[in-house]
Amino acid sequence: MSHTHDPNDPNTAFLPEAVRRRYDLGWIIEFFKHKQVPVHRHSVWYYTGGIALFLFIVQIVTGVLLMVHYNPGQAHASVQAIMSQVDFGWLIRSTHSWAANLMVLVAFIHMFSCFFMKSYKYPREMTWITGFVLLALCMAFGFSGYLLPWDQLAFFATQIGVKSSEVMPVFGGFMADMMRGGKELGVQTIERFYALHVWVLPLMFFGVLGLHVFFIQIQGLHEPDFFEKQPPEKKRYMRFFPDFAIKDVYVWLLVMNFLGLLAVMFPWELGEEADPLAPAPADIKPEWYFLAMFQLLKLFPAEVGPITGELLGMSLFGLVGLLWALVPFIDSEHAPAWRSRGAFYFGIALLAGMIVFTIWGYYS
Amino acid sequence: MDQPSAPHREHHHHLHLPDKETVRRDFIRTLFTSGFLVWIGAFIYPVYRYLKPREEEDTTNAVQSIIAGKTGDFASTRAKLVKFGSKPVLLLKNDQGEIVALGATCKHLGCTVQYVAAKNHIFCGCHGGVYDLTGKNISGPPPAPLDKYKVAIEGEDVIVSRA
């Protein structure tokens, strides 16, 4: 940095002198002072990323609290104790479960809002891709966390999830064995999923989230086309700090209250302890965010030519996911209009498909 | 507050009473601040209760006596560590051939002590505390002698009970 350290920088006047003399922090304040948030009829979507971040923080706090009383060696019994014996344990666990589901939902909303505002376009390709990775990590969090209470539903959901990865050629069997820690689901699977859920995924998530937020900070918020095309005198902006930040905090408070309400009114259930010898309950379904894929897979015939229906389905999901991740390069800076339109219709089709199949899966 | 003195007001008669605006602002601020603190408390309190160790029944005095072993146990050794409830107790055959029982928790910082046959004393590995075979602290940091337990022999059984 070329600027010199000025302990009397008015930007840092609120800090104690002992801090100001030692650390040059004025430029951080200066940076945030200049950061602006475009104000337009779709500004409301700018809050979704912050909400997802807030829910992630809730997950860290409640997750660490759950670790205090959870024991992967006696998974079901310890969750049962959390629900019935530990003071407010039911509240902490219910908050963790509800916040997890809300986080996935809000992340989806955030993603689709960015998609339809075309925020992914040049120069923000990497923000899109890191966001995509974050969503994938969210779903991995959900999948690994779902097993930890070791009840009947968790057991069979994991069984199905691991089995469907087994159909992948070459790596499938290896991946399934690595997840299960053997040929069958058991305590060793819980231990693996636990390590994944509380260490591996959070570390990865922190790194990618850091990049995601860093990119947004240095590039500023994306301005949608209709806003950017306005004459400068018509464009309205809001200061990020403190104006937008304080609104963010208000929204967080509302979300926190909503979350508390959900956890109190609809505490999360805990089923019977998993028993590998018991038959799977009828109508077993995965978490709602896997429901669309689950329902679509059911439609495939068992065999399609030389390959199984599962493999075809999984390959289709992989292809759609890849297209989705790479959309900034398909609908790139100077892409012809048809590609840009195509991306838009692809997004509409995907969103509609996900909604329809999720509802269908829920009611079938 | 420091308004230019208005000639028609005679507020100075009422000492320094704040004006209505200020009273209202202070009231609202207090209301919101306390409301916010209560709200924060509604989230902190469950977390505090969740983390607070459960009220356990006091098990310190639950165990009154145990069968710590057989007299024959001391044929080839002079010392044996046993559990008395949740506490370790050191059983020793002293120089007179009697079996005695001492609390094995060091009086310094709570490590578990051991009998050292070569020096015929009780030693704590953490900070080098030394006790003699009666449990008296004779060297190193321990500030007090080891706790004493009663020993009774009933037939073959060595019964240890609270002193």
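All residue numbers refer to positions counted from 1 along the written sequence of the respective chain. Written order decides the labels, with chains lettered from A and ligands numbered from 1. Local features in this predicted model are restricted to residues whose pLDDT is 70 or higher, and side-chain atom pairs enter the listing and the counts only when it is 80 or higher, whereas totals over whole chains, interfaces and linings include all residues.

## Re the environment of L102(A)
All names here are of chain A.
Moving on, step 1. Secondary structure elements follow DSSP: runs of H or I of four or more residues count as helices, runs of E of two or more count as strands, with numbering from the N terminus. Within the element layout of this structure, L102 appears in helix α5 (residues 89-116).
Moving on, step 2. Its 20 C-beta neighbours within 10 Å are what place L102 among the buried residues.
Moving on, step 3. L102 sits 175 residues away from L277 along the chain, and the two C-alpha atoms are 33 Å apart.
Moving on, step 4. In this description, any two residues whose backbone-derived C-beta atoms lie within 7 Å of each other are considered to be in contact. Here L102 is in contact with L55 and L259, once residues within four sequence places are set aside. A residue is called partly exposed when the number of other C-beta atoms within 10 Å of its own lies between 12 and 20, exposed at 12 or fewer, and buried at 20 or more, with C-beta atoms placed from the backbone.

## Observations regarding the domain arrangement of chain A
Residues and elements named next belong to chain A.
Moving on, step 1. According to the domain assignment, chain A consists of domain 1 (1-34), domain 2 (39-163 + 195-280) and domain 3 (285-364).
Moving on, step 2. Boundary definitions for the domains trace back to an automatic or database domain assignment. A C-alpha centroid distance of 22 Å is found between domain 2 and domain 3.
Moving on, step 3. Each partner contributes to the interface: domain 2 provides 16 residues, whereas domain 3 provides 13 residues.
Moving on, step 4. Looking at the side of domain 2 that touches domain 3, the elements with two or more residues in it are α5, α6 (125-147) and α7 (152-166).
Moving on, step 5. Put simply, Ala, Val, Leu, Ile, Met, Phe, Trp, Tyr, Cys and Pro go in the nonpolar bin, Asp, Glu, Lys and Arg in the charged bin, and everything else, Gly too, in the polar bin. Broken down by class, the residue content of the side of domain 2 that touches domain 3 amounts to 13 nonpolar, one polar and two charged.

## A closer look at the packing of α5(A) against helix α11 (residues 240-265) of chain A
Residues and elements named next belong to chain A.
Moving on, step 1. Between N-to-C directions, angles cover 0 to 180 degrees, with each direction set by a line fitted to C-alpha atoms, over the stretch in contact for helices. Between α5 and α11, the least distance of the axes is 9 Å, while the angle of their chain directions is 120 degrees. Compared by their axis directions, α5 and α11 come out oblique. The handedness of the crossing between α5 and α11 is right-handed. Listed contacts from α11 to L91, S94, T95, W98, A99 and L102 of α5 are L259, L262 and A263.
Moving on, step 2. Residues belonging to the contact of α5 with α11 are distributed by class as follows: seven nonpolar, two polar and no charged. For classification, angles of less than 35 degrees are called roughly parallel, those exceeding 145 degrees roughly antiparallel, those between 65 and 115 degrees roughly perpendicular, and all remaining angles oblique. Left-handed describes a crossing in which the near helix is turned anticlockwise from the far one by less than a right angle; the clockwise case is right-handed.

## Thoughts on the interface of chain B and chain A
Moving on, step 1. With five residues of chain B at the interface, the matching set in chain A holds eight residues.
Moving on, step 2. Among the residues forming the side of chain B that touches chain A, the class breakdown is four nonpolar, no polar and one charged.

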